[in-house]
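Results of the structural survey
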Amino acid sequence: MDTLNQSKTKEFLLLGMTDIPLLQAPLFIVFLIIYLLGVLANLLIIIVVCLSPSLHNPMYFFLCNLSLLDISYSSVTQPQLLSTLVKGPVSISFPGCITQLYVFLSLACTEFVSLKAMSYDRYVAICKPLHYAVLMDKRRCSLLATICWLVGFLDPLAHTLVIANLTFCKPHIINHFFCDWSVLLNLSCVDQTFIEIMTYVVGSVVALPAFKLTLISYVFIISAILKSHSAEGRQKAFSTCASHLTVVILFYGTVLVMHMRPSSKYLLTQDKPLSVLYTAIIPMLNPLIYTLRNKDFKNALKKTQRLK
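This structure is a prediction, so every number in the text was calculated from the model and none was measured.

The rules behind these values
- Residues numbered from 1 in each chain as written.
- Predicted model: local features only at pLDDT ≥ 70, side-chain atom pairs only at ≥ 80, totals over all residues.
- Heavy atoms only, no water.
- Helix = DSSP H or I, 4+ residues; strand = E, 2+ residues; numbered from the N terminus.
- Buried < 20%, exposed > 50% of the residue type's maximum accessible area, 1.4 Å probe, protein only.
- Lys, Arg positive; Asp, Glu negative; His and termini not counted.
- Salt bridge = Lys/Arg side-chain N within 4 Å of Asp/Glu carboxyl O.
- Contact = heavy atoms within 4.5 Å.
- Phe/Tyr/Trp six-rings, centres within 6.5 Å; stacked < 30°, edge-to-face > 60°.
- Disulfide = S-S within 2.5 Å.
- Axes fitted to C-alpha atoms, helices over the stretch in contact; angles between N-to-C directions.
- Parallel < 35°, antiparallel > 145°, perpendicular 65-115°, else oblique.
- Left-handed = near helix turned anticlockwise from the far one by under 90°.
- Nonpolar A, V, L, I, M, F, W, Y, C, P; charged D, E, K, R; others polar.

Right, let's get into the side chain of glutamate 111. Note that glutamate 111 resides in helix α3 (residues 94-127). Despite its burial, glutamate 111 pairs with no opposite charge; the closest candidate is lysine 116, at 16 Å N-O. Those residues in contact with glutamate 111 that lie beyond four places of it in its chain are Leu66, Leu69, Asp70, Tyr73, Phe251 and Asn286.

Put into structure tokens, the structure is as follows:
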């Protein structure tokens, strides 16, 4: 037989980032530093916000939520990447591969929707400041965050179930550092038209509208900022919004390029670096982008250090 059905697919072999021995040690050090920096920086944000009453507001509530997402998101793939750089190709069981795929897609989708919630928060804060306390109270913020996580973990469920029941061809070798859905589709022996239509439909219902609504929010936000008579107010508003918009463009742009396309367009030389960008680099950059020019956070960090 030329194919192996799902019940006989017991494991896959992950080849990792590179098979060049001279590159493995330097890449291990680089990615270990990136991963640790990302985890520690995001943990720092969560700790400082929790310990600083001055930061107990909706913007930092959603920033903590994003930090938790980034820690989880990078931890799904980066330990495995580091493992392949030390050990070489590693095997992963079929259930383990499908679980990793589902959790990864769920966290990515949750971050997608969470970034939209953050843009809504900035929209209300700048365009409807008099109603901000009512529209973004603790109950509504908690509800928004809960909806983000529910949508995030429900949205990829159908994709994961379809991929889990695909027929895969021998050899079961994944030339990647984690179980990405585009790589798994390339290993499939069956026609992929249905799942690609599913991707476009789901993307059209969740991802693209979230991206469009975020951009529309920023059109109103920038318009409101430009109309402001206070130079200091404009600068502070631009500072917080520019940080969020940078994260939105980086994350949305990379993920949409990676996943809103036919699996036949998968190019290993391009997609591995892109995968590294949104699984490792962006989770590390997010806390830096949000806090580097943020005076409120810097002041809160100094007060936290003095308490110690």
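Having seen it, we continue.
What the rule picks out here adds up to 15 aromatic pairs. Between tyrosine 73 and phenylalanine 104, the aromatic rings sit 5.3 Å apart at their centres with planes inclined by 10°, giving stacked as the arrangement. Within this pair, whereas tyrosine 73 is found in helix α2 (residues 58-87), its partner phenylalanine 104 is found in helix α3, the two being separated by 31 residues in sequence. As far as burial versus exposure is concerned, tyrosine 73 and phenylalanine 104 are alike and both buried. Considering the side-chain rings of tyrosine 73 and tyrosine 278, the 6.5 Å spacing of their centres and the 35° angle between planes classify their relative orientation as tilted. In this pair, tyrosine 73 sits in helix α2 while tyrosine 278 sits in helix α10 (residues 268-291), placing the two residues 205 residues apart along the sequence.

Quick look at the state of the cysteines now. A complete count under the given rule lists two disulfides for this structure. One disulfide bridge connects cysteine 169 with cysteine 189, the sulfur atoms lying 1.8 Å from each other. Taken together, the residues span a long stretch of sequence, with cysteine 169 in strand β4 (residues 168-169) and cysteine 189 in the loop between α7 (181-187) and α8 (193-227) at a distance of 20 residues. Once the disulfide-bonded cysteines of the protein are ranked by sequence position, their pairing pattern turns out to be 1-3, 2-4. Cysteine 64 carries a free sulfur, and the closest cysteine sulfur to it, the one in cysteine 50, is 5.2 Å from it. By relative accessible area, which is 13% here, cysteine 64 ends up buried.

Turning next to the packing of α2 against α3. Following both chains from N to C, one finds α2 and α3 inclined at 160°, their axes separated by 10 Å at the closest point. Considering the angle they form, α2 stands roughly antiparallel to α3. Where α2 crosses over α3, the two elements pack in a sense that is left-handed. Class assignment for the residues of the contact of α2 with α3 results in 15 nonpolar, seven polar and four charged.

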